[in-house]
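What follows is the residue order along each chain.
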Amino acid sequence: MSRGADDEEAAEIQPLLDKEPSSGPNSWCLCRKVGHAGLKRLEQHHHRVIEFAFGLAAVGTLCACIALMGAFATGSLLKMLSWMEVHGPKFDAHVGVRSFCLEFHDGRSECKNWSDMDCGAVASQSN
């Protein structure tokens, strides 16, 4: 006889004890009132619900990884996964967290890191 069968027999022999709530979440009035509520359809198909939740979490993780790659990308990858695109009269910009790329309408293109920018020089040019 396997150990799993022994556990099942022990579970059938020992009745569940109704413990008095002493402390912790079991002692909270709201938990005792809401804890008995359930949705039959979800309970009947709990494996499908768990599989769906797992799939949804996997899709969310994949989207987060793509967003992270786009945030810290440079060059052509930044152009594909940019967080923001700006279309102007002289150039188009693809912007990420760490860098940005400018595509001028005459065919030139350049990428720069935000850390290389001198904001004081940019502010004095706009005045």
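Look up: the structure comes first, before these words.
Because the structure is predicted, anything quoted here is derived from the model rather than measured.

Thresholds applied
Residues numbered from 1 in each chain as written. Predicted model: local features only at pLDDT ≥ 70, side-chain atom pairs only at ≥ 80, totals over all residues. Heavy atoms only, no water. Helix = DSSP H or I, 4+ residues; strand = E, 2+ residues; numbered from the N terminus. Buried < 20%, exposed > 50% of the residue type's maximum accessible area, 1.4 Å probe, protein only. Areas by Shrake-Rupley, 256 points an atom, 1.4 Å probe, with all protein chains shown as cover. Disulfide = S-S within 2.5 Å.

A word on the overall build of the chain. Along its length, the chain carries 6 helices and 4 strands. Its helices and strands taken in sequence order, the chain reads α-α-α-α-α-β-β-β-β-α from the N to the C terminus. Expressed as a percentage of its 127 residues, the buried residues of the chain come to 12%. Of the roughly 10800 Å² of accessible surface on the chain, a fraction of 62% belongs to carbon and sulfur atoms.

The next point concerns the state of the cysteines. Inspection of every chain in the model, using the stated rule, returns 1 disulfide. Considering cysteine sulfurs only, C65 is the nearest to C63, which forms no disulfide, with 9.4 Å between them. What makes C63 partly exposed here is its relative accessible area of 46%. In this structure C65 comes out as partly exposed when scored by relative accessible area, which is 42%.

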